[in-house]
Amino acid sequence: MGDARVDDFVLLDGRCPFPLNEKLFDRLCDDWEIITEEDDPLKHFNDSFDPEFGNMAPVLQGKSCLMEPFHIEKISKYLPPRTVGHPWCLAFSTSLHGFSLKTLYRKVANTDSPVLLVVKDTCGQVFGALTSHPPKLSDHYFGTGETFLFTFNLDFKIFQWTGENSFFIKGSLDSLALGGGSGHFGLWLDEDLNRGRSNPCTTFNNSILSKNEDFMVQDLEVWTFR
């Protein structure tokens, strides 16, 4: 019949070949009731389940101008376990808050979750990073091996921590750097979030994330998980 039993509920898909006779159910159990689809306690679960993701599709609190569903699908598979099940909250967007690194720092200052930074350059390339901690002003590199870089240059690629060094996140008034080694940064952004650079670095053993080593930012978004 295509029916499924979940805990104390019997779900009928509407193609039941026999009439829903009350006496039949009386013989099966003492307490029962027929509810409509709108009253289904699993309806929220069913609505959130997306076969394209193969699991619970992330709930976005805020509208992304950069990410399509396939971007979200790919990135979500590599997020740290502590983010799973939490909504993605748009904390900063250049289209809403302007091109300012100081504003970015301020918008995530009270965040205690990892941060997803997504960049779209003027060539239309989408790439970015997942940082274990929110970007902030710092005298030294900080963060953990949860941090990774990613790009959708041709195909989706993710670059996770190699263990070679701990140059994860470094924030200053004039730039934000992610990954490092031998004077090269995996992803670097200036104070105006206008210009950026991407080079191979030993922290992530990454390729260049953008189409060109030096790039201009078209838009940038920062998402938190809470």
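Residues numbered from 1 in each chain as written. Predicted model: local features only at pLDDT ≥ 70, side-chain atom pairs only at ≥ 80, totals over all residues. Heavy atoms only, no water.

What to know about the overall build of the protein
Here is step 1: Broken down by element type, the protein carries five helices and 15 strands.
Here is step 2: Every one of the 226 residues in the protein was classed for burial, and the buried ones make up 41%.
Here is step 3: Across the protein, the fraction of contacts at a sequence separation of at least 24, relative to all contacts at a separation of at least 6, is 57%.
Here is step 4: Summed over all atoms, the accessible surface of the protein reaches about 12,800 Å², with 50% contributed by carbon and sulfur. (Helix = DSSP H or I, 4+ residues; strand = E, 2+ residues; numbered from the N terminus. Buried < 20%, exposed > 50% of the residue type's maximum accessible area, 1.4 Å probe, protein only. Contact = heavy atoms within 4.5 Å. Areas by Shrake-Rupley, 256 points an atom, 1.4 Å probe, with all protein chains shown as cover.)

Considerations on unusual backbone geometry
Here is step 1: If you check the backbone angles, S182 has positive phi at about 55° while not being a glycine.
Here is step 2: Its place among the elements puts S182 in the loop between β12 (175-178) and β13 (187-190).
Here is step 3: The exposure class assigned to S182 is exposed, which follows from its relative accessible area of 70%.
Here is step 4: Of note, the phi angle at N205 is positive, near 50°, even though the residue is not glycine.
Here is step 5: Positionally, N205 belongs in the loop between β14 (195-197) and β15 (214-225).
Here is step 6: We classify N205 as exposed; its relative accessible area is 62%.

Structural notes on helix α3 (residues 69-76)
Here is step 1: Those residues of α3 that sit buried are H71, I72, E73, I75 and S76.
Here is step 2: At its buried positions, α3 is contacted by β5 (60-61), β6 (88-93), β7 (115-121), β8 (126-131) and β9 (148-151).

What to know about the pattern of salt bridges
Two side chains bearing opposite charge may form a pair once their charged atoms approach each other closely.
Here is step 1: On inspection of all chains with the given rule, the structure shows three salt bridges.
Here is step 2: Its salt-bridge partner being E73, residue K77 comes within 3.8 Å of it at the nearest N-O pair.
Here is step 3: Since its relative accessible area comes to 13%, E73 is described here as buried.
Here is step 4: A salt bridge links E146 to R82, with the shortest nitrogen-to-oxygen separation between them at 2.7 Å. Note that E146 is positioned in the loop between β8 and β9 and R82 in the loop between α3 and β6, a separation of 64 residues in sequence.
Here is step 5: Look at R82 and you get partly exposed, because its relative accessible area is 40%. (Salt bridge = Lys/Arg side-chain N within 4 Å of Asp/Glu carboxyl O.)

Things to note about the environment of I72
Here is step 1: Considering the arrangement of structural elements, one finds I72 in helix α3.
Here is step 2: In this structure the C-alpha to C-alpha distance between I72 and P58, which are 14 residues apart in sequence, comes to 8.0 Å.

So, the packing of aromatic side chains
Here is step 1: Within this structure, the stated rule accounts for nine aromatic pairs.
Here is step 2: Ring centres 4.9 Å apart and planes at 45° place the aromatic pair F152 and F156 in the tilted group.
Here is step 3: Among the residues examined, F152 registers a relative accessible area of 12% and is labelled buried.
Here is step 4: K136 extends its terminal NZ or CZ atom over the ring of F142, reaching a point 5.1 Å from the ring centre.
Here is step 5: One cation-aromatic arrangement involves R197 over W188; the distance from NZ or CZ to the ring centre is 5.6 Å. (Phe/Tyr/Trp six-rings, centres within 6.5 Å; stacked < 30°, edge-to-face > 60°. Lys NZ or Arg CZ within 6 Å of the ring centre and 35° of its normal.)

A word on the environment of C201
Here is step 1: Mapped onto the elements of the fold, C201 is located in the loop between β14 and β15.
Here is step 2: According to the relative accessible area criterion, C201 is buried, its value standing at 5%.
Here is step 3: A sequence separation of 18 residues divides C201 from G183, and the C-alpha atoms of the two residues are 8.5 Å apart.
Here is step 4: In this structure, C201 is in contact with G179, G180, H184, F185, G186 and N206, ignoring residues within four places of it in sequence.

Observations regarding the pairing of strand β10 (residues 157-160)
Every other side chain in a regular strand lies on the same face of the sheet, so the side chains alternate between the two faces.
Here is step 1: Pairing of β9 with β10, which is carried by four bridges, proceeds in the antiparallel orientation. The residue of β10 that forms the bridge with F148 is Q160. (Pairing = 2+ DSSP bridges.)

Re the nonpolar core
Here is step 1: Ranked by internal contacts, the top residues of the largest apolar core, which has 28 residues, are L104, L117, L220 and V222.
Here is step 2: For this core, the secondary structure elements donating two or more residues are β6, α5 (101-107), β7, β8, β12, β13 and β15.
Here is step 3: In terms of residues, this core owes the most to one element, β15, which gives four residues.
Here is step 4: Beyond its immediate sequence surroundings of up to four residues, L117 is in contact with F127, G128, A129, F150, L176, L187, L189, L220, E221 and V222.
Here is step 5: Of all hydrophobic cores here, the second largest spans 16 residues; its members include L66, L90, L116 and F150. (Core = buried A, V, L, I, M, F, W, Y, C linked by side-chain atoms within 4.5 Å.)

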